[in-house]
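# Summary of the model geometry
Below, each chain spelled out in residue letters.
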Amino acid sequence: MKSRRAISLRAHHLPWSSAGNLADNDLTADDVVRETGWVFNNQTGDELTLEAFVETGDKEVRRYIRLLQLESFRFEDSTLLEIGSGIGRMTSSFTNRCNAVIAADVDSAFLERCRQTVARFGRIDRLSTLHVANGKTLGLGNDSVDLTFSYITLQHCQPQDAINLVGEAIRVTRSGGLVVLNFRTWVRSDIALVPLGIAVRRLWKLPVLGRRLARWRWSTRLGWQANRLKPETVLQNFESQLSNVKIFHSVKRKMSVAKARNESVKTMPTKRINPSHWWLVAQVS
Ligand SMILES: C[S@@+](CC[C@H](N)C(=O)[O-])C[C@H]1O[C@@H](n2cnc3c(N)ncnc32)[C@H](O)[C@@H]1O
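Residues numbered from 1 in each chain as written. Predicted model: local features only at pLDDT ≥ 70, side-chain atom pairs only at ≥ 80, totals over all residues. Heavy atoms only, no water.

## Notes on the sheet that holds strand 2 (residues 100-105)
The strand order across the open sheet formed by eight strands is 3-2-1-4-5-8-6-7, and the pairing between neighbours is mixed. In the strand order of this sheet, the two ends are held by strand 3 (127-131) and strand 7 (265-270), each with one partner. With strand direction ignored, the average angle separating the axes of adjacent strands in the sheet is 15 degrees. Sheet analysis places strand 1 (residues 79-83) next to strand 4 (residues 145-150), joined by three bridges and oriented parallel. Across the sheet, residue Glu 82 finds its bridge partner in strand 4, namely Phe 149. This element, helix 7 (residues 159-172), spans strand 1, strand 4, strand 5 (173-184), strand 6 (242-250) and strand 8 (277-284) of the sheet and lies at about 155 degrees to strand 5. (Pairing = 2+ DSSP bridges. Helix = DSSP H or I, 4+ residues; strand = E, 2+ residues; numbered from the N terminus. Axes fitted to C-alpha atoms, helices over the stretch in contact; angles between N-to-C directions. Contact = heavy atoms within 4.5 Å.)

## Some words on the nonpolar core
If you look at the biggest cluster of nonpolar residues, it comprises 35 residues, and the most contacted ones within it are Leu 81, Val 179, Phe 183, Leu 242 and Leu 280. Contributing elements (two or more residues each) for this core: strand 1, strand 2, helix 7, strand 5, helix 11 (231-238), strand 6 and strand 8. When residues of this core are assigned to their parent elements, the largest contribution, seven residues, is made by helix 7. With residues up to four places along the chain from it excluded, the contact list for Phe 183 reads Leu 154, Val 166, Leu 229, Val 234, Ser 276, His 277, Trp 278 and Leu 280. (Core = buried A, V, L, I, M, F, W, Y, C linked by side-chain atoms within 4.5 Å. Buried < 20%, exposed > 50% of the residue type's maximum accessible area, 1.4 Å probe, protein only.)

## Looking at the packing of helix 4 (residues 50-67) against helix 6 (residues 108-121)
In the contact formed by helix 4 and helix 6, the axes pass within 11 Å of each other and the chain directions differ by 85 degrees. The angle between the axes of helix 4 and helix 6 places the two elements in the roughly perpendicular class. Only Thr 117, Arg 120 and Phe 121 of helix 6 make contact with helix 4, whose side of the interface consists of Leu 50, Glu 51 and Val 54. For the contact of helix 4 with helix 6, the per-class residue count stands at three nonpolar, one polar and two charged. (Parallel < 35°, antiparallel > 145°, perpendicular 65-115°, else oblique. Nonpolar A, V, L, I, M, F, W, Y, C, P; charged D, E, K, R; others polar.)

## What about unusual backbone geometry?
The backbone of Ile 152 sits at a positive phi, close to 40 degrees, despite the residue not being glycine. Structurally, Ile 152 is set in the loop between strand 4 and helix 7. Classification of Ile 152 as partly exposed rests on a relative accessible area of 25%. Residues other than glycine seldom take positive phi values, yet Asn 244 does so here, at roughly 45 degrees. With respect to the secondary-structure elements, Asn 244 resides in strand 6.

## A short note on the pattern of salt bridges
Under the counting rule described, the total for this entry stands at 11 salt bridges. Ionic pairing is found between Asp 77 and Arg 74, a salt bridge with its closest N-O pair at 2.6 Å. Connected through salt bridges with shared partners, the residues Arg 74, Glu 76 and Asp 77 form a single ionic network. (Salt bridge = Lys/Arg side-chain N within 4 Å of Asp/Glu carboxyl O.)

## As for the site of the ligand
The immediate surroundings of the ligand are formed by 19 residues, with Gly 84, Arg 89, Asp 105, Gly 135 and Tyr 151 found nearest. Here an oxygen atom of the ligand and a backbone polar atom of Gly 86 are 3.4 Å apart. At a separation of 3.1 Å, a nitrogen atom of the ligand approaches a polar backbone atom of Tyr 151. Computed on the free molecule, the ligand has an accessible area of 590 Å², of which 99% lies beneath the protein chains in the complex. (Near = heavy atom within 4 Å. Polar contact = N/O pair within 3.5 Å; in protein donor to acceptor, adjacent residues only side chain to side chain. Areas by Shrake-Rupley, 256 points an atom, 1.4 Å probe, with all protein chains shown as cover.)

## Section: the pairing of strand 8
The buried count for strand 8 comes to seven of eight residues, which makes it a mostly enclosed element. In the sheet, strand 5 pairs with strand 8 via seven bridges, with the strands oriented antiparallel. Of the residues in strand 8, the one forming a bridge with Asn 182 is Trp 279. In terms of strand pairing, strand 6 meets strand 8 through six bridges, oriented antiparallel. Across the sheet, the residue bridging to Lys 246 is Val 281, located in strand 8.

## Quick look at the packing of helix 7 against helix 11
At a minimum axis separation of 11 Å, helix 7 and helix 11 run at an interaxial angle of 50 degrees. It follows that helix 7 is oblique to helix 11 by the angle criterion. Crossing geometry of helix 7 relative to helix 11 is assigned as right-handed. Contact residues: helix 7 offers Ile 163, Val 166, Gly 167 and Ile 170, while helix 11 offers Val 234, Asn 237 and Phe 238. Taken together, the residues that form the contact of helix 7 with helix 11 break down as five nonpolar, two polar and no charged. (Left-handed = near helix turned anticlockwise from the far one by under 90°.)

Here it is, written out as structure tokens:
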């Protein structure tokens, strides 16, 4: 399946282009999961299969629909955009639920594999793909979709790219539609992890060695989280474009929003969210 891919040289894109390079060859779908699956669901092993990988995605889709109180959303009538689809771990599940799905990713080889995954486990007739070549803008018109979803993706973008993508998510979602976006925020261990991440991303820029390093799991796991965003930061930029704003977060974390926002923004502590994560669930005004 070798193809010529335009590959971004920005350091925070390197782990994806390295995994994308592995996916951009003649490996079987199961082999791609064994080689690169850990970048999506953190599981490694010689026994992994695409089927089991997609099951983890389907389980998470069901889990987050419950946890984020999305049961009443009419998925079956909707077009859903997934920012950071990877090789389709959750995308298949979305195509089985929605009228149409747009899978968007910074890596075009992932999108090719995503199409194959959906062809086997989802509804390929409902899928289209969108290459986010610059990592920050979406080549879609205003009001194109009913729901924009993104999971464990915005944390991997440079802060300004992540903010840009939130703006893009709001722009392309119709008025009255939903944005359901997952972020990573500060935890205590970040005192060590953030500087280490910056150092590792610098190493990735070294000629030859850098690209090799970006393929190794330990280095990837240290360097790939390129930002931490607090709810306040995101709300400051976009609150005026949103209504019914809910911030879902771990009960183990206090996630305050400014007093002025107490009326319009609900914080929703839950036991089942990682303390370093939070979700923005909101209606586009
Ligand atoms: C950890 S994976 C998660 C994939 C998928 N959401 C899942 O849970 O299996 C992050 C994905 O985001 C993509 N990604 C990273 N930066 C991106 C950006 N700026 N724009 C679009 N996709 C991006 C990566 O290529 C990768 O497929």
